[in-house]
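# Architecture and fold: a report
Each chain, written out:
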Amino acid sequence: MAMQLDTYFGSFFLCIFCFACFLNFPAEAAVRKYQFDIRVKNVSRLCHAKPIVTVNGRFPGPTVYAREGDRVLINVKNYAQYNISIHWHGLKQFRNGWADGPAYITQCPIKTGHSYTYDFNVTEHCGGMHIFCGYELRFTVPLSSCRKKEQWEWWNSDVETLVNQANKLGLPPSTSDAHTINGKPGPLFPCSSKHTFSMEVEAGKTYLLRIVNAALNDELFFSIAGHNMTVVEIDAVYTKPFTTRVILIAPGQTTNVLIKADQPPSRYFMAARPFMDAPVPVDNKTVTGILHYKGTPNTVLPSMPKLPAPNNTNVASSYNKRLKSLNTPQFPANVPLKVDRRLFYTVGLGANACPSCQNGTQLTASLNNITFVMPKVGLLQAHYFNIKGVFKTDFPDRPPVPFNYTGAPLTANLGTSLGTRLSKVAFNSTIELVLQDTNLLTVESHPFHLHGFNFFVVGSGVGNFDPSKDPAKFNLVDPPERNTVGVPTGGWTAIRFRADNPGVWFMHCHLELHTMWGLKMAFVVENGKSPEESILPPPKDLPPC
């Protein structure tokens, strides 16, 4: 049954600001220009004021609008005291890693007082994406939102100070004091009645909500009291529609849902709180916004949705199993059926010696027991200009020593090897990658983001991946297509993609804490045979290292 969609786009950020791309009717490609001035501004939440990084002095900040085929030029001028780079999460940046943004991966950061123009084309995307701004210190900075609505994590204390203190101790920093919806924590928090996001709707109309989890460290359940949501898109790719009362969304993921204002006119809470089914501390408080039917007095108390328990693995698993690619002639699921190279990466925590740390060790994280060391030169520059000594291309295809990955917790021999080690991949080859969680210290869910590509999530399971049995259960017909996927707690996830985008492409856990600890690596995708299959030359204003 066809649904009429009213011309209202609500956008919920679970942090940051939005890149809204529309793939609907053919239109002549346009050149869209934006100016982003990065400034530090004092903002008050939860009875505390502190300086945060903003775009154009606004909080929430600007939205970038584009259509399929458009060229976008965004000049970023850095007036903040931090070195800055911006990642356009979900944009593939075909042959154009220079515009991807992660500092010391595809560019060196923009220094204070300097500028850089991100110049890219929008191709093969639909829906909404989001944008991350990173300090050179490698933690994500909350910036702004899409349209009127957003969410992220809020710390009352200065985040840089917390991170530095934690690193000196060798321990994780404290969890956030609140999540927010479009920068507002909602009335369940102190000093926050005026900091509550409210979305007005008219009875009988249907609304598209763009929901983004840009929180730093928490997967989130999200629900709206009394209302069903129809999931139609994930990570800017259309899905087979299905109706649900609750969605699960990991950091770095986006979900578009339709809701119909079909309930008695009133006020209804939209609420989110973390999902965590491992013994790991999280900010377990509930953030709320209000779905407000037009004409309802503000004195009406909103009703609260029933969110799953924070450790409800069954809800999380059943939700993810319902995600399928649309797979129509217009939007096919081009799943690689022939695999050229199979990779198996273990995901784990660890502890390396640190005489000055509190316990004599520094918590760390690794892939295949390798903790990634950030270089001092952008990896893409080093690859393009053949600069020696910056990285090696010997990242192993599988872990050095097989073991019972998800058995009893392992608390001894937790040291990792350190290095800037990349995996070289032939152009246009097909890759199958199995990401296996481990019980090194503890099992935990890990959302992984791959820059430069979408991939198909062909399989997932609990326990150790069995290469002789599990591939027979893979969905090779209509698996969900994403750029960020959660590896389940004590389990595994298998993805497939075609390496048709030459360059250096970052892959990392989207829990910022784990990325900071080294849970990351990069692929070097070689050039093809023709200029059209090769990396574009770098722009003249690329920031120097």
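Residues numbered from 1 in each chain as written. Predicted model: local features only at pLDDT ≥ 70, side-chain atom pairs only at ≥ 80, totals over all residues. Heavy atoms only, no water.

If you look the chain up in an unreviewed UniProt entry, it shows as Laccase from Hibiscus sabdariffa. Under the heading Subcellular location (unreviewed entry), UniProt records this for the chain: "Secreted, Extracellular space, Apoplast". (UniProt positions renumbered as here; feature names shortened; annotations may be inferred.)

## Some details on the overall build of the chain
The secondary structure content of the chain amounts to four helices and 34 strands. Since a compact globule built from 545 residues should have a radius of gyration of about 24 Å, the 22 Å found for the chain is in line with a globular shape. Judged by the C-alpha coordinates and their principal axes, the chain covers about 65 × 55 × 55 Å. Across the 545 residues of the chain, 59% fall into the buried class. As presented, the chain carries roughly 21600 Å² of accessible surface, and 54% of it is formed by carbon and sulfur atoms. (Helix = DSSP H or I, 4+ residues; strand = E, 2+ residues; numbered from the N terminus. Rg over C-alpha atoms; globule rule 2.2 N^0.38 Å. Buried < 20%, exposed > 50% of the residue type's maximum accessible area, 1.4 Å probe, protein only. Areas by Shrake-Rupley, 256 points an atom, 1.4 Å probe, with all protein chains shown as cover.)

## Quick notes on the packing of aromatic side chains
Applying the stated criterion across every chain, the model contains 22 aromatic pairs. Aromatic pair Phe403 and Tyr405: ring centres 4.7 Å apart, planes at 65 degrees, arrangement edge-to-face. In this structure an aromatic cluster arises from ring pairing among Phe344, Phe403, Tyr405, Phe465, Phe474 and Trp492. Above the ring of Tyr79, the side-chain terminus of Arg39 is found at 4.0 Å from the ring centroid. (Phe/Tyr/Trp six-rings, centres within 6.5 Å; stacked < 30°, edge-to-face > 60°. Lys NZ or Arg CZ within 6 Å of the ring centre and 35° of its normal.)

## Notes on the UniProt feature "domain: Plastocyanin-like" (unreviewed entry) in the chain
Residues given the UniProt feature "domain: Plastocyanin-like" (unreviewed entry) here are residues 39-127, 153-295 and 394-528. Helix makes up 8% of residues 153-295 and strand 43%, and the two end C-alpha atoms of the span are 32 Å apart.

## A closer look at the sheet that holds strand E33 (residues 503-509)
With mixed pairing, five strands are arranged side by side in an open sheet as E26-E34-E33-E28-E31. Of all the strands in the sheet, the pair left with one neighbour each is strand E26 (423-425) and strand E31 (484-487). Across the sheet, the axes of successive neighbouring strands diverge by a mean angle of 25 degrees, strand direction being ignored. Note: strand E28 (residues 446-450) against E31, four bridges, orientation antiparallel. Across the sheet, Pro447 pairs through a bridge with Gly486, a residue of E31. (Pairing = 2+ DSSP bridges. Axes fitted to C-alpha atoms, helices over the stretch in contact; angles between N-to-C directions.)

## Re the nonpolar core
If you look at the biggest cluster of nonpolar residues, it comprises 36 residues, and the most contacted ones within it are Tyr118, Phe120 and Leu379. In this structure, Ile181, Ala261, Tyr268 and Tyr319 belong to the second largest nonpolar core, which totals 35 residues. (Core = buried A, V, L, I, M, F, W, Y, C linked by side-chain atoms within 4.5 Å.)

## Some remarks on the pattern of salt bridges
For the coordinates displayed, the defined rule picks out 12 salt bridges. Asp235 is paired through a salt bridge with Arg482; the nearest N and O atoms lie 3.1 Å apart. Taken as a pair, Asp235 in the loop between strand E16 (229-234) and strand E17 (237-244) and Arg482 in strand E30 (residues 481-482) lie far apart in primary sequence, 247 residues in all. A salt bridge links Arg342 to Glu432, with the shortest nitrogen-to-oxygen separation between them at 3.5 Å. Of this pair, Arg342 sits in strand E22 (residues 341-353) while Glu432 sits in strand E27 (residues 430-437), and the two are 90 residues apart along the sequence. Through salt bridges with shared partners, a single network forms among Arg342, Glu432 and Arg496. (Salt bridge = Lys/Arg side-chain N within 4 Å of Asp/Glu carboxyl O.)

## Here's the deal with the environment of Met199
Note that Met199 resides in strand E13 (residues 198-201). Distance in space between the C-alpha atoms of Met199 and Pro537 is 45 Å, their sequence separation being 338 residues.

## Examining the sheet that holds strand E8 (residues 115-121)
Read from one edge of the open sheet, four strands run E4-E3-E6-E8, paired in mixed fashion. A single partner strand is all that each edge strand has here, and the edge strands are strand E4 (48-55) and E8. Averaged over all neighbouring strand pairs, the angle between strand axes comes to 20 degrees, with direction disregarded.

## Here we look at the state of the cysteines
Enumeration according to the criterion identifies three disulfides in this entry. The disulfide bridge from Cys354 ends at Cys357, spanning 2.1 Å between sulfur atoms. A torsion of 65 degrees about the S-S bond marks the disulfide between Cys354 and Cys357 as right-handed. Each of the two residues, Cys354 as well as Cys357, counts as buried. (Disulfide = S-S within 2.5 Å.)

## Description of the pairing of strand E23 (residues 361-367)
It is a general feature of regular strands that their side chains alternate between the two faces of the sheet. By the criterion of burial, E23 is predominantly enclosed, with five of the seven residues buried. Where E22 lies against E23, seven bridges are found, and the strand directions are antiparallel. Along E23, the bridge assignment pairs Asn352 with Gln362.

## Considering unusual backbone geometry
The phi dihedral of Cys191 is positive, around 60 degrees, even though this residue is not glycine. Mapped onto the secondary structure, Cys191 falls in the loop between strand E12 (178-179) and E13. By relative accessible area, Cys191 is classed as partly exposed at 46%. Positive phi, normally seen in glycine, also occurs at Ala236, with a value near 65 degrees. Among the residues examined, Ala236 registers a relative accessible area of 6% and is labelled buried.

## Here we look at the side chain of Thr420
Within the secondary structure layout, Thr420 lies in the loop between strand E25 (417-419) and E26. For Thr420, the side chain forms a polar contact with the main-chain oxygen of Val373, separated by 2.6 Å. (Polar contact = N/O pair within 3.5 Å; in protein donor to acceptor, adjacent residues only side chain to side chain.)

## A short note on the side chain of Glu481
When you line up the elements, Glu481 lands in strand E30. Aside from chain neighbours lying at most four places away, what touches Glu481 is Ile234, Val237, Ser325, Asn454, Phe455 and Phe456. (Contact = heavy atoms within 4.5 Å.)

## Details of helix H1 (residues 159-169)
Those residues of H1 lying buried are Val159, Leu162, Val163 and Ala166. Seen from one end, H1 has its buried residues packed into an arc of 95 degrees, which puts them on one side. Between a side-chain oxygen at the N-terminus of H1 and the backbone nitrogen of Glu160 the separation is 3.3 Å; the capping residue is Asp158. Directly after H1, the chain includes Gly170, whose backbone phi takes a positive value near 80 degrees. (Arc of directions from axis to C-beta.)

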